[in-house]
Structure formats: structure tokens, C-alpha cells
Amino acid sequence: MRDSVAPSVRPTSLVVVGTGLIGTSVALAARRRGVPVTLLDTDPTAVAVAVARGAGRPVNPDDPPADLAVVAVPPDALPEALRRAQERGLARAYTDVTSVKASIVDAVRSVADPTTVVLGHPMAGRERSGPAAASAELFAGRTWALCPLDDTRPEALAVVRGLVELCGARPVLLSPVAHDRAVALVSHVPRLVAGAMAAALARASVADLQLAGPGVRDVTRIAAADVGLWSQILAHNAAEVAAVAAAVAEDLRQVAMALAADPPDLATVSALLRAGQEGRAALDRAQNGGCEVGELVAIGEGGENRVRN
């Protein structure tokens, strides 16, 4: 982790590679702040929808390099998409938006110039996909993980930070390994838990489902997210996800055994419910800690420290 970080620099031009939910949302946020954006995707229909939404215009072969390229593609496609973007000279700096980091570092290094790359992950999304679901407000108030490589140039990190601030998000600087460990807990396993609960609903009768209130809809909302994309994400972070999922499964197993006992072991059940209250309170405290847009939070081996620029 770097001891000092250059001040952020707002990009004056942007190219977005991949006009899905995240890429188009980045483009819309940039356009709202007056930044010119060009768009590139292997699917011309996706580009057309993004253009119609006001996200920018298609890339032209004679466009000069942009300040920053956002490569918004699934993790399996990232190394090749990044290689092609650099080969074309689309920008002076590059970032991505994938939900995994450690597993792609070596692949990125093998095909791209790492000095211009800042791996990134905005902690925002929706259960719907595609440019039609995009929103300029998607990142407002959210954290945005930044994982520069050891040889990433400071000016590349500065312009990516500028994009994060432009989108209204809070940058968090951490290593790829620390990123994957954290998102296994706060993102990847919640998707699995939502899927497991929704799978139980699929086995229920219509009469039972008609009784459902907002609670079960809240718990299962993200179960509707794209299966193909999430299968890639979970495969790239398999070990970290497996460890967290096993711990959650063990908690549920113990509660199931406690409830099956005669009489039920309510002390075990209450202990888990209280731990859940404490965990939710810890989440609220962590996310209401007063971080401001433009304030970089660097997470290293010693915990958290803030870097203001």
C-alpha cells in the first residue's frame, strides 16, 4: 500500500467499453457532469440503447485517446478486452468494474501495460441488467474499491479517483486479496443466500406465496440477478466464498437442530438472533462513519486510515 497518494484529477473525456448496467451508468453519471463519453460494445443494440439514454456517442476510429477508459465487462472477458483497448490506444489510463480482483491480476499483467491500470469495483448494482436499467445515480453515496497494482502510475490512480468522485461515490484503496476477502462476505455470499431462499420459494405452493410480505421480497431481491455473470464471479472467488458460506451454513444448521429438539433450544436460537442484531448495527456504524466524497479510505494490514486530498 502506498504511503502517499496523488490528488484526484477529474477526467475530461471518457470511453466506456461495455454498455451494460454498470458501464452505461458510469457513462450517464459522467455525461450529467458534462464529461464527453464515447461508447464501445460488441453488441450494437446495447450501444444504441445507451446512446438513446443519453450516455454518449459510439467510438469513432479517429477519436483521440480519452483520459480514461472504463472496461465494463465480465471477469472472464476482462483481460482480452483490456488488451484490445490498450492496443487501440483508447485512453491514457484504464480501469474495470469487475467484482473480483486477485484472480485476474496475473492475466491482466500478461496481456496489458499494468502501469496505466487501476483495478476497480463500484459497490453498486441492480437485479436487472443491461443499459435500459442504468442510472446516473447508481453510485451516489456508495463505496468504490480501487486496487492499483504495485507499478500503477500515480497519475492513473488520480484520474480513476476523479471518476469515482464524479460519480458521487467514496473511493476505498485496498489490495486485490483484501478486496476479494471482503466482497465474499458483503456481496458474494449474500447472493448465494438470496438464491437459496428463493429456491425454497420455487418449491412452495401459490397459496403460500400469496401470503408473502415485503420481508421475503427484500431477502430474495438479488436472487433475480444474472446467473451466468454470477457463476463467473463466484468461480473467480471460490475459496473465499466457500469459507464464508460454510460459516453461514453452520449457523443455520445449529439453529435447525435447536428448533428440532424437544423442547426447542431457544437459547441457541436467541443467540443467533442477537448476533444478527449486532452485525446489522456494525454494518450501520461502518457505513455511517462520516466518509465524504473525495476522501480516500486506505485499508491495509493495520486496518483503516483516511487520506484526504
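This text gives an overview of the structure that appears in the document. (Residues numbered from 1 in each chain as written. Predicted model: local features only at pLDDT ≥ 70, side-chain atom pairs only at ≥ 80, totals over all residues. Heavy atoms only, no water.)

What to know about the packing of aromatic side chains
Here comes step 1: All told, the structure shown has 1 aromatic pair when counted by the stated rule.
Here comes step 2: Ring geometry for Phe139 and Trp144: centres 5.1 Å apart, planes at 45°, overall tilted. (Phe/Tyr/Trp six-rings, centres within 6.5 Å; stacked < 30°, edge-to-face > 60°.)

Digging into the pairing of strand β6 (residues 117-122)
In regular strands, side chains alternate between the two faces of the sheet.
Here comes step 1: Where burial is concerned, most of β6 is hidden: 6 out of the 6 residues are buried.
Here comes step 2: Side-chain alternation along β6 places Val117, Leu119 and His121 on one buried face and Val118, Gly120 and Pro122 on a second face that is also buried.
Here comes step 3: In this sheet, β6 lies alongside strand β5 (residues 94-96) in parallel orientation, the contact comprising 2 bridges. What sits directly across from Thr95, in β6, is Val118.
Here comes step 4: Note that the unit made of β5, helix α4 (residues 105-111) and β6 has a crossover that is right-handed. (Buried < 20%, exposed > 50% of the residue type's maximum accessible area, 1.4 Å probe, protein only. Helix = DSSP H or I, 4+ residues; strand = E, 2+ residues; numbered from the N terminus. Pairing = 2+ DSSP bridges. Right-handed = clockwise from strand over helix to strand, strands pointing away.)

Describing the environment of Val73
Here comes step 1: Position of Val73 relative to the elements: it lies in the loop between β4 (68-71) and α3 (78-88).
Here comes step 2: Assessed through its relative accessible area of 16%, Val73 is described here as buried.

Considerations on the pattern of salt bridges
Here comes step 1: One pass over the full model with this rule turns up 13 salt bridges.
Here comes step 2: Residues Glu250 and Arg253 are paired through a salt bridge, measuring 2.7 Å at the closest nitrogen-oxygen approach. Residue Glu250 and its partner Arg253 are located together in helix α10 (residues 238-260), separated by 3 residues, close to a single helical turn.
Here comes step 3: Take Arg253: its relative accessible area is 42%, and that puts it in the partly exposed class. (Salt bridge = Lys/Arg side-chain N within 4 Å of Asp/Glu carboxyl O.)

Describing the packing of helix α6 (residues 176-202) against helix α9 (residues 227-236)
Angle between the axes and distance between the axes: these two values describe a pair of packed helices.
Here comes step 1: Closest axis-to-axis distance for the α6/α9 pair is 11 Å, and the angle between their directions is 130°. When the interaxial angle is binned, α6 and α9 end up oblique. In this structure, the crossing between α6 and α9 has a hand that is left-handed. Within the contact between the two elements, α6 uses Ser187, His188, Arg191 and Leu192 and α9 uses Val227, Trp230, Ile233 and Leu234.
Here comes step 2: Its residues assigned to classes, the contact of α6 with α9 shows 5 nonpolar, 2 polar and 1 charged. (Axes fitted to C-alpha atoms, helices over the stretch in contact; angles between N-to-C directions. Parallel < 35°, antiparallel > 145°, perpendicular 65-115°, else oblique. Left-handed = near helix turned anticlockwise from the far one by under 90°. Contact = heavy atoms within 4.5 Å. Nonpolar A, V, L, I, M, F, W, Y, C, P; charged D, E, K, R; others polar.)

Details of the nonpolar core
Here comes step 1: Counting 39 residues, the largest nonpolar core has Leu14, Phe139 and Trp144 as its most contacted members.
Here comes step 2: Broken down by secondary-structure element, the contributors of at least two residues to this core are β1 (14-17), α1 (21-32), β2 (37-40), α2 (44-52), β4, β7 (143-148) and α5 (154-166).
Here comes step 3: Of all hydrophobic cores here, the second largest spans 27 residues; its members include Val59, Ala69, Val71 and Ala91. (Core = buried A, V, L, I, M, F, W, Y, C linked by side-chain atoms within 4.5 Å.)

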